[in-house]
There are 4 protein chains.
Amino acid sequence: MTDYQGILNRIYDEIQPLLGQGKVADYIPALAEKDSHKFGMVIKLIDGSTFKIGDADEQFSIQSISKVLTLTTVVKESVDFLKTRCGKEPSGTPFNSLVQLEYENGIPRNPFINAGALVTTDQMYTNFNNPKRDFLKFVRKVSGDKDVSYNEKIARSEEQTGYRNAALVNLMKDFNNIDNDVDKVLDTYFHQCSLEMNCEQLCDTFSFLANRGVNPKTGERILSIRRAKRINAIMLTCGTYDAVGDVAYRIGLPAKSGVGGGIVALVPGELTVSVWSPGLDKKGNSLAGIKALELFTTYAENSIF
Amino acid sequence: MTDYQGILNRIYDEIQPLLGQGKVADYIPALAEKDSHKFGMVIKLIDGSTFKIGDADEQFSIQSISKVLTLTTVVKESVDFLKTRCGKEPSGTPFNSLVQLEYENGIPRNPFINAGALVTTDQMYTNFNNPKRDFLKFVRKVSGDKDVSYNEKIARSEEQTGYRNAALVNLMKDFNNIDNDVDKVLDTYFHQCSLEMNCEQLCDTFSFLANRGVNPKTGERILSIRRAKRINAIMLTCGTYDAVGDVAYRIGLPAKSGVGGGIVALVPGELTVSVWSPGLDKKGNSLAGIKALELFTTYAENSIF
Amino acid sequence: MTDYQGILNRIYDEIQPLLGQGKVADYIPALAEKDSHKFGMVIKLIDGSTFKIGDADEQFSIQSISKVLTLTTVVKESVDFLKTRCGKEPSGTPFNSLVQLEYENGIPRNPFINAGALVTTDQMYTNFNNPKRDFLKFVRKVSGDKDVSYNEKIARSEEQTGYRNAALVNLMKDFNNIDNDVDKVLDTYFHQCSLEMNCEQLCDTFSFLANRGVNPKTGERILSIRRAKRINAIMLTCGTYDAVGDVAYRIGLPAKSGVGGGIVALVPGELTVSVWSPGLDKKGNSLAGIKALELFTTYAENSIF
Amino acid sequence: MTDYQGILNRIYDEIQPLLGQGKVADYIPALAEKDSHKFGMVIKLIDGSTFKIGDADEQFSIQSISKVLTLTTVVKESVDFLKTRCGKEPSGTPFNSLVQLEYENGIPRNPFINAGALVTTDQMYTNFNNPKRDFLKFVRKVSGDKDVSYNEKIARSEEQTGYRNAALVNLMKDFNNIDNDVDKVLDTYFHQCSLEMNCEQLCDTFSFLANRGVNPKTGERILSIRRAKRINAIMLTCGTYDAVGDVAYRIGLPAKSGVGGGIVALVPGELTVSVWSPGLDKKGNSLAGIKALELFTTYAENSIF
């Protein structure tokens with residue numbers, strides 16, 4: 001049997017020199033104040049066994065990791081969403097670029113770049129009666145934790161500096177690919193990005209994707225097997241900004257990252273693994289987090305390839 | 001002496017087959033309702049001699065032609081504007097593209113594409129106490145006509161459909177190249193685009209640029225000689241969207257067009273010539289208007305080359 | 001135990017309506033003459049068990065599938081190749097585009113677009129004494145078949161129409177990312193693309209990648225475990241032109257396609273599967289082949305996700 | 001009457017501090033060896049009056065200035081050339097970029113970027129019996145100087161380093177916009193770029209464009225009035241790489257520059273003016289040359305605007 005705690009201990013030692021090297025996201029104050037020396041990691045098996053190290057219980061802003069959850073709510077209801085309103089190809093460009101969006105007539109390349117997440121949020125806004133409340137309810141259900149919440153301060157800060165996201169949503173509105181009011185879509189989007197979790201909550205939240213669509217704690221089916229596999233596939237090909245090739249090459253697992261420094265990955269059928277360290281590399285992924293996951297798949301021999 | 005009336009008569013006959021061929025701008029109802037068979041043209045010499053034909057007295061929306069007037073107010077006050085906030089190179093792309101703007105870090109290529117006009121409006125907003133009122137006052141002065149006005153209905157329609165302009169201004173705000181509130185800049189911009197004139201008023205308004213910076217009617221200096229020449233140069237290299245090369249080649253005069261179907265051109269030291277016909281060609285310039293100006297420089301032998 | 005022959009039979013029936021729908025590559029005569037109704041498929045387990053259907057024994061031009069083999073020879077010798085001369089990110093653009101290559105200063109996005117394969121060939125040219133002969137020797141070894149050969153007629157045709165590849169290699173030479181003579185690199189490249197195999201040979205050739213780097217027939221280690229996994233990762237994120245997201249989403253296996261209509265995919269630790277049908281879809285992958293592989297992973301429940 | 005010699009003297013004094021500041025083109029040795037402190041300038045009126053200063057008699061490589069002469073030979077013979085094979089719009093990109101060429105399907109934006117000049121050369125190759133000899137004959141005729149020649153050493157150097165031009169011509173061949181053999185087109189192109197003149201020869205050569213198409217020395221008509229004007233228009237909108245807007249703004253004359261440090265400009269109906277100084281600015285135009293021409297139009301009050 002794999003000694004996961006031993007692996008975490010070993011990773012923790014090896015990534016120490018990397019702490020402090022990355023650049024903490026500083027476009028809003030609430031993110032900028034995080035200490036770049038923080039590092040937490042959790043491994044959670046399907047059977048519930050949990051292994052932790054470092055700052056695993058500290059709450060952080062999950063940011064773009066929330067895009068997977070929004071997409072989950074949308075593909076449950078809107079079967080053609082990924083055929084008509086959003087692609088599923090890696091972008092080959094920065095996550096917030098407008099260039100490709102204009103060349104491709106307002107159809108985002110995939111749901112995990114900002115443009116794609118905004119159109120996903122627009123679809124969610126259409127599907128739900130009370131989008132912010134209903135989405136939070138969904139997240140609390142899949143995480144199994146009623147205390148998971150939006151951080152209103154972060155949501156407001158995002159809004160005040162969110163000019164590029166406003167540009168993206170207005171450009172898509174111009175291409176008739178946004179159905180609702182742009183300000184309302186942005187407000188919902190900034191709230192979902194402001195969700196806070198710790199590493200263990202993140203593992204819990206994504207465990208249905210590691211377990212073929214079924215929440216392993218409650219036995220509730222969240223998605224069909226096929227849809228769960230497909231979301232994993234999109235995470236692998238589109239989940240880590242313009243570093244998906246490198247992440248597949250070095251880590252070899254479906255993963256989603258956020259500029260808050262969190263990354264969650266999963267081994268289908270086996271486990272979820274999450275890591276948090278706020279210092280980012282040039283591609284916008286947690287610098288120590290990516291290294292930690294690379295060490296994890298090396299030591300646990302757990303790549304999907 | 002050139003028989004300008006004879007030239008106008010001849011042009012009027014020759015362009016008849018083109019009327020109705022272009023596509024009237026239809027993104028807002030107030031523009032769409034114009035009859036594509038309309039055609040008016042005015043030649044006005046520096047000495048005040050005026051020659052007219054067709055629908056020369058009908059008011060139309062001058063749209064992008066207003067960008068020259070905004071720029072005029074700005075270069076009078078802000079000498080470094082074209083060095084720091086906006087370029088003066090032709091764009092080689094459609095007038096409302098975001099691609100180049102993103103590659104060039106939010107600095108528009110020139111003041112006559114939409115992005116450049118928005119940043120010019122932002123500078124005007126900073127310079128004036130009451131931007132909409134003060135700009136209108138300026139336009140009434142250079143046109144010598146107190147009745148020139150905004151069309152509020154058009155301004156409101158522009159705003160309701162102006163998602164791409166909202167995308168542009170938000171993207172520039174993200175690059176720190178917009179100083180004022182985005183909604184206020186857009187409101188001012190949509191108003192200036194909604195200005196209405198007829199062909200003669202358009203000739204009067206631009207006559208200071210044909211007369212080395214001095215309003216020939218009043219003798220008032222609007223711009224220095226050097227600045228007037230430079231604005232003429234920008235009109236030649238950037239004034240007709242992505243057709244500037246073709247316009248220089250076929251017409252050979254500084255000119256500025258608008259999607260309302262108006263075009264104004266000038267022969268430095270001699271005259272202004274304006275034309276209006278609402279049917280547009282693929283580049284967004286008046287189809288009959290471009291042909292009329294080509295015939296004008298052929299018959300009057302008045303190209304600057 | 002999975003009934004692979006039953007699965008092949010079922011797939012064969014279901015894809016019949018698709019045959020003839022795709023467009024056979026016609027840029028060279030030798031490819032254009034293939035019948036778009038041809039369809040062959042082979043599944044080969046690590047233990048050697050083999051299942052076939054349709055035109056499984058007909059030779060075809062493997063074209064871009066050869067790029068994986070060139071890369072294999074290079075990563076064995078040149079450990080820094082994927083750090084310094086070529087990226088490993090999906091491109092988000094057509095396989096033969098020059099745009100991204102120019103923006104990114106002559107460093108191709110990945111080794112499976114044409115630019116990347118050309119720079120890989122250039123490295124192979126440097127590494128081998130007699131590149132064309134030595135590469136063929138390598139391919140014969142991994143395929144276990146001494147009869148695998150270049151098709152000289154196809155190689156010559158490719159050369160005569162290969163202006164875009166000549167453009168790519170000259171552009172990279174301008175960026176100092178080609179070390180050898182451009183004509184010699186092109187000649188080697190066109191030869192490797194002209195390799196001919198049938199579906200079973202293709203399965204044999206790629207079985208070392210399904211078997212953690214070891215040729216399952218001979219027991220010879222071709223690549224280290226880590227390198228084999230990494231090549232599989234690059235196949236998943238970059239192996240099927242601008243359809244990698246869709247292929248990961250629908251098929252969920254590392255795969256490499258060629259414009260000759262062949263595709264090879266693999267389930268790590270279990271099997272290789274190859275399919276050939278010359279009619280291509282809009283992205284340049286075999287239309288019936290992609291569908292057949294989607295059905296395969298559905299029926300065999302064999303996706304890596 | 002304008003004191004042209006006085007103006008030259010004044011310019012010569014004022015540009016002294018700029019000499020040595022620009023960067024001499026160093027991609028081939030024969031260009032790199034030129035002293036960046038060299039500066040020559042000539043003004044030549046239509047009536048033959050000539051004014052000189054500095055190194056006005058030193059031969060230099062005219063490089064891209066030759067593109068105007070190639071175009072002249074082509075528009076005389078192939079009336080549809082600028083409608084079907086090459087545009088006439090400014091490019092908004094560097095002179096040797098492949099990006100726009102690919103987006104626009106191998107039709108160059110204008111005849112003065114490298115791609116456009118290569119397709120012009122291809123057309124000239126088709127039109128002439130012996131392209132290199134016949135083109136030289138034409139240049140000797142318009143310059144009135146039988147000693148104007150190719151520099152074979154430079155032509156060979158260009159060829160040995162001309163990978164980017166090879167990329168451009170191969171890409172256009174792929175788009176079926178090159179009719180002749182790529183190597184022969186490149187050879188002719190590199191020869192025309194290697195033409196050597198001094199400032200006075202350059203003025204003589206371009207005087208037919210300042211004189212409505214007629215060589216003022218011989219009275220021979222080289223081009224019709226309309227075609228001469230149109231070539232002047234293309235020089236204004238496309239003649240100085242990605243600085244055409246700035247040159248129109250600061251200088252206000254049709255002009256063509258080359259990386260050898262030469263620039264020729266003209267005042268229609270009046271004069272030609274040429275300047276040479278090998279130090280280039282960031283856009284690839286002679287740094288001191290651009291300033292000298294700006295001073296010229298300021299002092300002589302000779303802008304076309």
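Each residue is numbered by its place in its chain's sequence as written, counting from 1. Written order determines the labels here, with chains lettered from A and ligands numbered from 1. Where totals are concerned, whole chains, interfaces and linings use all residues; where local detail is concerned, this predicted model gives features only for residues with pLDDT of at least 70, and gives and counts side-chain atom pairs only at 80 or more. Note that the side-chain values use all heavy atoms of the structure and ignore hydrogens as well as water.

Peer 1: Now, about the overall build of chain A: what can you tell me, with residues and values included?
Peer 2: Runs of E in the DSSP output that reach at least two residues are strands. Runs of H or I that reach at least four are helices, and both are numbered from the N terminus. Secondary structure summary: chain A contains 14 helices and 9 strands in total. Over its C-alpha trace chain A gives a radius of gyration of 18 Å, about what one expects of a compact globule, namely 19 Å for 305 residues. Across its three principal axes, chain A shows a C-alpha extent of roughly 55 × 40 × 35 Å. For every accessible area listed, the method is Shrake-Rupley and the probe measures 1.4 Å; residues are considered covered only by the protein chains on display. Looking at chain A as shown, the accessible area adds up to about 10500 Å², and 46% of this sits on carbon and sulfur atoms. Here chain A holds 35 positive side-chain charges and 37 negative ones, and the gap between their average locations is 5 Å. To get the radius of gyration, use the C-alpha atoms; to get the globule rule, take the number of residues to the power 0.38 and multiply by 2.2 Å. Just so you know, the count uses Lys and Arg for positive and Asp and Glu for negative, and it drops His and the chain ends. To locate a charge, the coordinates of NZ of Lys, CZ of Arg, CG of Asp or CD of Glu are taken.

Peer 1: Tell me what's going on with the pattern of salt bridges, and back it up with residues and numbers.
Peer 2: A side chain of one charge can pair with a side chain of the opposite charge if their charged atoms are brought near each other. What makes a salt bridge here is a side-chain nitrogen of Lys or Arg within 4 Å of a carboxyl oxygen of Asp or Glu, nothing more. As enumerated under the stated definition, the model contains 95 salt bridges over all chains in all. In this structure, the salt-bridge partner of B:Lys52 is B:Asp57, at a minimum N-O distance of 2.9 Å. Between D:Asp26 and D:Lys23 there is a salt bridge, with its nearest N and O atoms 3.0 Å apart. Type-normalised accessible area, obtained with a 1.4 Å probe on protein chains alone, sets the label of each residue: buried when under 20%, exposed when over 50%, and partly exposed for intermediate values. Classification of D:Lys23 by relative accessible area gives exposed; the value is 51%.

Peer 1: Let's hear about the sheet that holds strand β8 (residues 271-276) of chain D: which residues, and what values?
Peer 2: All names here are of chain D. Within the open sheet, the 5 strands sit side by side as β3-β2-β8-β7-β6. Their pairing is antiparallel. Two strands in the sheet have a free side with no partner beyond their single neighbour: β3 (50-54) and β6 (255-257). On average, each strand axis in the sheet is tilted by 10° relative to the strand beside it, whichever way the strands run. In this structure, strand β2 (residues 40-45) lies alongside β8, joined through 6 bridges in antiparallel fashion. Counterpart to Ile43 in the pairing with β8 is Val273. Between two residues, a contact is recorded if the distance between any of their heavy atoms is within 4.5 Å. To get an axis, a line is fitted to the C-alpha atoms, and for a helix only the part in contact is used. The angle between two axes follows their N-to-C directions and goes from 0 to 180 degrees. Running at roughly 145° to β8, helix α11 (residues 199-210) makes contact with β2, β3, β7 (262-267) and β8 of the sheet. Think of it this way: DSSP has to see at least two bridges between two strands before they count as a pair.

Peer 1: Describe the side chain of C:Ser194, listing the residues and the values that go with them.
Peer 2: All names here are of chain C. Take Ser194: it is sitting in the loop between α10 (182-193) and β5 (196-197). In protein, a polar contact requires one atom able to donate a hydrogen and another able to accept it; more generally it is a pair of N or O atoms within 3.5 Å, and residues adjacent in sequence count only if both atoms are side-chain atoms. Among the polar contacts made by the side chain of Ser194, one reaches the main-chain amide nitrogen of Asn151 at a distance of 3.2 Å. At 2.7 Å, the side chain of Ser194 and the backbone oxygen of His191 are in polar contact. Those residues in contact with Ser194 that lie beyond four places of it in its chain are Ser61, Ser149, Tyr150, Asn151, Ile154 and Ala155.

Peer 1: Requested: an account of the side chain of D:Thr240, with residues and values cited.
Peer 2: Assignment of secondary structure puts D:Thr240 in the loop between α12 (225-238) and α13 (244-250). With residues up to four places along the chain from it excluded, the contact list for D:Thr240 reads D:Val247, D:Ala255, D:Ser257 and D:Asn285.

Peer 1: Report on the relation of the copies chain A and chain C, specifying residues and quantitative values.
Peer 2: The operation relating the two chain copies consists of a rotation about an axis and a shift along that axis. Least-squares superposition of the copies uses the C-alpha atoms of those residues scoring a pLDDT of at least 70 in each of them. For the match of chain A to chain C, the screw axis carries a shift of 0.0 Å, the RMSD comes to 0.0 Å, and the turn is 180°. With respect to symmetry, the two chain copies, as superposed, fit the operation of a two-fold axis. Closest approach to the rotation axis within chain A is made by the C-alpha atom of A:Gly92, at a distance of 2.5 Å.

Peer 1: So what about the interface of chain A and chain C? Which residues, and what values?
Peer 2: Residue-level contacts link 33 residues of chain A with 33 residues of chain C. Summed over both partners, the accessible surface that disappears when two parts come together, traced with a 1.4 Å probe, is what is meant by buried area. Here chain A packs against chain C, burying approximately 2800 Å² in sum over the two surfaces, 56% of which is carbon and sulfur. Looking at the side of chain A facing chain C, the largest losses of area belong to A:Arg230, A:Tyr249 and A:Phe305, adding up to 29% of the total buried there. Put simply, chain A and chain C have 6 salt bridges between them. The tally of links between chain A and chain C comes to 15 residue pairs in polar contact (both at pLDDT 80 or more). Looking at the side of chain A that touches chain C, the elements that each hand over two or more residues are α12 (225-238), α13 (244-250) and α14 (287-300) of chain A. Nonpolar residues are Ala, Val, Leu, Ile, Met, Phe, Trp, Tyr, Cys and Pro. Charged residues are Asp, Glu, Lys and Arg, and all others, Gly as well, are polar. The residue inventory of the side of chain A that touches chain C, partitioned by class, reads 13 nonpolar, 8 polar and 12 charged.

Peer 1: A description of the pairing of strand β2 (residues 40-45) of chain C should follow, citing residues and the corresponding values.
Peer 2: Residues and elements named next belong to chain C. Among the 6 residues in β2, 6 count as buried, and that is most of the element. In β2, alternate side chains face the same way, and those of Gly40, Val42 and Lys44 on one face and Met41, Ile43 and Leu45 on the other are all buried. Bridging between β2 and strand β3 (residues 50-54) involves 5 bridges; their strand directions are antiparallel. Residue pairing for β3: Val42 is matched across the bridge by Lys52. Adjacent in sequence and paired antiparallel, β2 and β3 are bridged by 4 residues, among which Gly48 carries a positive phi angle near 100°.

Peer 1: For the sheet that holds strand β7 (residues 262-267) of chain A, give the residues involved together with the corresponding values.
Peer 2: All names here are of chain A. The 5 strands are arranged β3-β2-β8-β7-β6 in an open sheet whose pairing can be described as antiparallel. Each edge of the sheet is formed by a strand with only one pairing partner; in this case those strands are β3 (50-54) and β6 (255-257). For this sheet, the mean angle separating the axes of adjacent strands, direction not counted, is 10°.

Peer 1: Kindly report on the confidence of the model for chain A, identifying the contributing residues and their values.
Peer 2: Per-residue confidence from the predictor is reported as pLDDT, a score between 0 and 100. Averaged over chain A, the pLDDT score is 95; the fraction of residues at 70 or greater is 100%. The complex prediction reports pTM at 0.93, with the ipTM value standing at 0.93.

Peer 1: Which residues make up the pairing of strand β7 (residues 262-267) of chain B, and what values go with them?
Peer 2: Side-chain direction in a regular strand flips from residue to residue, so the side chains alternate between the two faces of the sheet. All names here are of chain B. For β7, the tally of buried residues reaches 6 of 6 residues, placing the bulk of the element in the interior. Burial along β7 is two-sided: Gly262, Val264 and Leu266 facing one way and Ile263, Ala265 and Val267 facing the other are all buried. Pairing analysis gives 3 bridges linking strand β6 (residues 255-257) to β7, with the strands arranged antiparallel. Looking at β7, one finds that Ser257 is bridged to Ile263. Where β6 hands over to β7, the hairpin turn is made up of 4 residues, of which Gly261 adopts a positive phi near 100°. Two successive antiparallel strands, β7 and strand β8 (residues 271-276), enclose a turn made up of 3 residues, where Gly269 displays a positive phi of approximately 85°.

Peer 1: Describe unusual backbone geometry, listing the residues and the values that go with them.
Peer 2: Positive phi is not limited to glycine here, since A:Gln63 has a value of about 50°. Secondary-structure assignment places A:Gln63 in the loop between β4 (60-61) and α3 (66-77). Taking relative accessible area as the criterion, A:Gln63 reaches 3% and is therefore assigned buried. Although it is not a glycine, B:Tyr241 adopts a positive phi angle of roughly 55°. Among the structural elements, B:Tyr241 can be located in the loop between α12 (225-238) and α13 (244-250).

Peer 1: So what's going on with helix α9 (residues 163-174) of chain D? Residues and values would help.
Peer 2: By this rule the span expected of a helix is its residue count minus one, scaled by 1.5 Å. Given a rise of 1.5 Å per residue, 12 residues ought to cover 16 Å, and the 16 Å separating the end C-alpha atoms of α9(D) matches this to within 8%. Within α9(D), 10 of the 12 residues are buried, which leaves it mostly tucked inside the rest of the structure. Of all the positions in α9(D), only D:Arg164, D:Asn165, D:Ala166, D:Ala167, D:Leu168, D:Val169, D:Asn170, D:Leu171, D:Met172 and D:Lys173 are classed as buried. Of the surrounding elements, those touching the buried residues of α9(D) are α5 (99-103) and α9 (163-174) of chain C together with α5 (99-103), α6 (114-127) and α10 (182-193) of chain D. Of the residues flanking the end of α9(D), it is D:Asn176, one or two places downstream, whose phi is positive at about 60°.

Peer 1: Got a sec to walk through a negative patch on the surface? Specific residues and values, please.
Peer 2: Surface patches are drawn from residues lacking salt bridges whose relative accessible area is over 30%; two like charges belong together within 9 Å, two nonpolar side chains (Val, Leu, Ile, Met, Phe, Trp, Tyr) within 5 Å. There is a patch of like negative charges on the surface, built from A:Glu159, A:Asp181, A:Asp183, B:Glu159, B:Asp181 and B:Asp183. Topologically, A:Glu159 is positioned in helix α8 (residues 152-161). A:Glu159 sits in the partly exposed class, given a relative accessible area of 43%.

Peer 1: Hey, could you go over the packing of α6(D) against α9(D) for me, with residue numbers and the actual values?
Peer 2: What describes two packed helices is the angle between their axes and the distance between those same axes. Residue and element names in this part refer to chain D. At a minimum axis distance of 10 Å, the contact between α6 and α9 shows a crossing angle of 65°. For the pair α6 and α9, the sense of crossing is right-handed. Only Asn165, Leu168, Val169 and Met172 of α9 make contact with α6, whose side of the interface consists of Asn114, Ala115, Leu118 and Val119. In the contact of α6 with α9, the residues fall into 6 nonpolar, 2 polar and no charged. By the definition used in this description, the sense in which the near helix is turned from the far one sets the handedness, with an anticlockwise turn below a right angle giving left-handed and a clockwise turn giving right-handed.

Peer 1: Talk me through the packing of aromatic side chains; I want residue IDs and the actual numbers.
Peer 2: Residue and element names in this part refer to chain B. Only Phe, Tyr and Trp rings take part, Trp by its six-membered ring, and two of them pair if their centres are within 6.5 Å. Stacked means planes under 30 degrees apart, edge-to-face means over 60, and tilted covers everything else. Per the stated rule, a full pass over the model turns up 22 aromatic pairs over all chains. Between Tyr4 and Phe296, the ring centres sit 6.4 Å apart and the planes meet at 25°, which makes this aromatic pair stacked. Of this pair, Tyr4 sits in helix α1 (residues 4-15) while Phe296 sits in helix α14 (residues 287-300), and the two are 292 residues apart along the sequence. With relative accessibility at 6%, the residue Tyr4 sits in the buried group.

Peer 1: Kindly report on the environment of C:Asn211, identifying the contributing residues and their values.
Peer 2: Residue and element names in this part refer to chain C. Mapping Asn211 onto the fold places it in the loop between α11 (199-210) and α12 (225-238). Along the backbone, Asn211 and Ile46 are 165 residues apart, and their C-alpha atoms lie at a distance of 6.8 Å. Look past the residues within four positions of Asn211 in its chain and what remains in contact with it is Ile46 and Pro216. Polar side-chain contacts of Asn211 include one of 2.9 Å to the backbone oxygen of Val214.

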